[in-house]
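# Breakdown of the fold
Chain by chain, the residues:
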Amino acid sequence: MTVLENDLLKVTIDNQGAQLTSIYNKRTGVEQLWQADASVWPWHAPNLFPIVGGLINNELLIDGHPHQMGRHGFARQSEFVLLKSDDVQAVFSLPGAEKFKEIYPYKFDFEVMYMLIDNALRVTYKVINLDKKTIYFSVGAHPAFNVPFHKDEKYEDYYLEFETEEKLTAHLLSSEGYFNGTTANVPLDGKKLWLTKDMFKNDALVFKNLQSREVTIKSKNHSETLAVEYPHFNYLGLWAKPGTPFVCIEPWLGCADTEGEPKNINKKENIQKIGVGHVFEAAFFISM
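In this report, the structure presented in the accompanying data block is examined.

What counts, and where the lines are drawn
Residues numbered from 1 in each chain as written. Predicted model: local features only at pLDDT ≥ 70, side-chain atom pairs only at ≥ 80, totals over all residues. Heavy atoms only, no water. Helix = DSSP H or I, 4+ residues; strand = E, 2+ residues; numbered from the N terminus. Rg over C-alpha atoms; globule rule 2.2 N^0.38 Å. Buried < 20%, exposed > 50% of the residue type's maximum accessible area, 1.4 Å probe, protein only. Pairing = 2+ DSSP bridges. Axes fitted to C-alpha atoms, helices over the stretch in contact; angles between N-to-C directions. Phe/Tyr/Trp six-rings, centres within 6.5 Å; stacked < 30°, edge-to-face > 60°. Lys NZ or Arg CZ within 6 Å of the ring centre and 35° of its normal. Salt bridge = Lys/Arg side-chain N within 4 Å of Asp/Glu carboxyl O.

### Some words on the overall build of the protein
Along its length, the protein carries 0 helices and 25 strands. A compact globule built from 288 residues should have a C-alpha radius of gyration of about 19 Å, and the protein, at 19 Å, falls within 12% of that. Seen through its C-alpha atoms, the protein measures out along the principal axes to roughly 55 × 45 × 35 Å. Looking at the protein residue by residue over its 288 residues, the buried ones come to 54%.

This is the structure in structure tokens:
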């Protein structure tokens, strides 16, 4: 485990998946990150690469050839290399190696970089094209935050506050985890989306046309908050296992397949690409 710490926050990261396993708020004494109860949901904050969401038949089409790949890609289950670290920053690398060429035939390096900046944690995804052709990929985050913050509170005491007033339209997923072409209006109370234990009973709420680039977890009982700012990400997923004490705020550059015929990777919705010799970076921030 790698530990980053300043006067306000203490963060722990596992080499497995370069996954955050703890965000401890030293000012309030609160563990902000879900602690991966294996009987409920065995993850803390998986990093999603080179796909986000589910693939039809678990197959990724590249140049017309199918490659077997599970939901959210292979990065979250892979061992990363710690390239460098100090008290407040760490860089993890997942080089494109022989073991991936059968499922993702590109030469690449995928890095996850963490940096503490006062009361915030910056998470940066970096993809380096080491190939002689364009690389196509998706990338995203899936952090789960403890709600409520304190034992004497209820889940329903909390709400998500959007940066601006929105007309929220959620794009809905089938039971297999694919977009099914339907949408639903999600009513807001001003800028507030109140949390309820059954709001994710039909899987994640996925938003593709938000104006807001920041969502904040707040309680009606006190002024403690946790904000996720995602300036470089154009899709956002919200999710929780129904009835469990956490909520995921998920910035995405990519998404699940839509029901029907699978599409080649370069035709997938919200796909990203990097030309030969180029580097991609996108960051989001978690602040308290």
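Picking up where we left off.
### What to know about the pairing of strand β11 (residues 120-129)
Among the 10 residues that make up β11, 8 are buried, leaving the element largely enclosed by the rest of the structure. Pairing of strand β10 (residues 108-117) with β11, which is carried by 10 bridges, proceeds in the antiparallel orientation. Bridge assignment links Phe108 to a residue of β11, and that residue is Asn129. Between β10 and the antiparallel strand that follows it, β11, lie 2 residues; Asp118 among them carries a positive phi value of about 55°. Relative to strand β25 (residues 279-287), β11 runs antiparallel, the two being bridged by 9 bridges. Looking across to β25, one finds that Thr124 is bridged to Ala283.

### A look at the sheet that holds strand β15 (residues 158-162)
Taken in spatial order, the 9 strands line up as β8-β9-β10-β11-β25-β21-β20-β15-β18 in an open sheet, and their pairing is antiparallel. Only two strands of the sheet have a single partner each, and these edge strands are β8 (81-85) and β18 (192-194). Pairwise comparison of adjacent strand axes, ignoring direction, gives a mean angle of 20° for this sheet. Relative to β18, β15 runs antiparallel, the two being bridged by 3 bridges. When the bridges of β18 are listed, Tyr159 appears paired with Trp194.

### Side note on the packing of aromatic side chains
Tallied over the full model, the rule gives 24 aromatic pairs. Seen from their ring centres, Trp34 and Phe246 are 4.6 Å apart, and the 45° between their planes marks the pair as tilted. Of this pair, Trp34 sits in the loop between β4 (30-31) and β5 (47-48) while Phe246 sits in strand β23 (residues 246-253); the two residues are 212 residues apart in sequence, bridging distant segments of the chain. Centre to centre, the rings of Phe233 and Phe284 are 6.1 Å apart; their planes meet at 85°, and the pair counts as edge-to-face. With a gap of 51 residues between them, Phe233 in the loop between β21 (225-229) and β22 (235-239) and Phe284 in strand β25 connect regions that are remote in the sequence. For the residue pair Phe233 and Phe284, the accessibility class agrees, reading buried in each case. Here Lys192 stacks its cationic end above the ring of Tyr159, 4.8 Å away from the centre of that ring.

### Side note on the pattern of salt bridges
Tallied over the entire structure, the rule returns 5 salt bridges. As a salt-bridge pair, Glu161 and Lys218 come within 2.8 Å of each other at their nearest N and O atoms. Remark: Lys218 occurs in strand β20 (residues 214-219) and Glu161 occurs in strand β15; sequence separation between them is 57 residues. Notably, a salt bridge pairs Lys208 with Glu269, separated by 2.7 Å at the nearest N-O pair. With Lys208 in the loop between β19 (205-207) and β20 and Glu269 in the loop between β23 and β24 (272-274), this residue pair connects regions lying 61 residues apart in the sequence.

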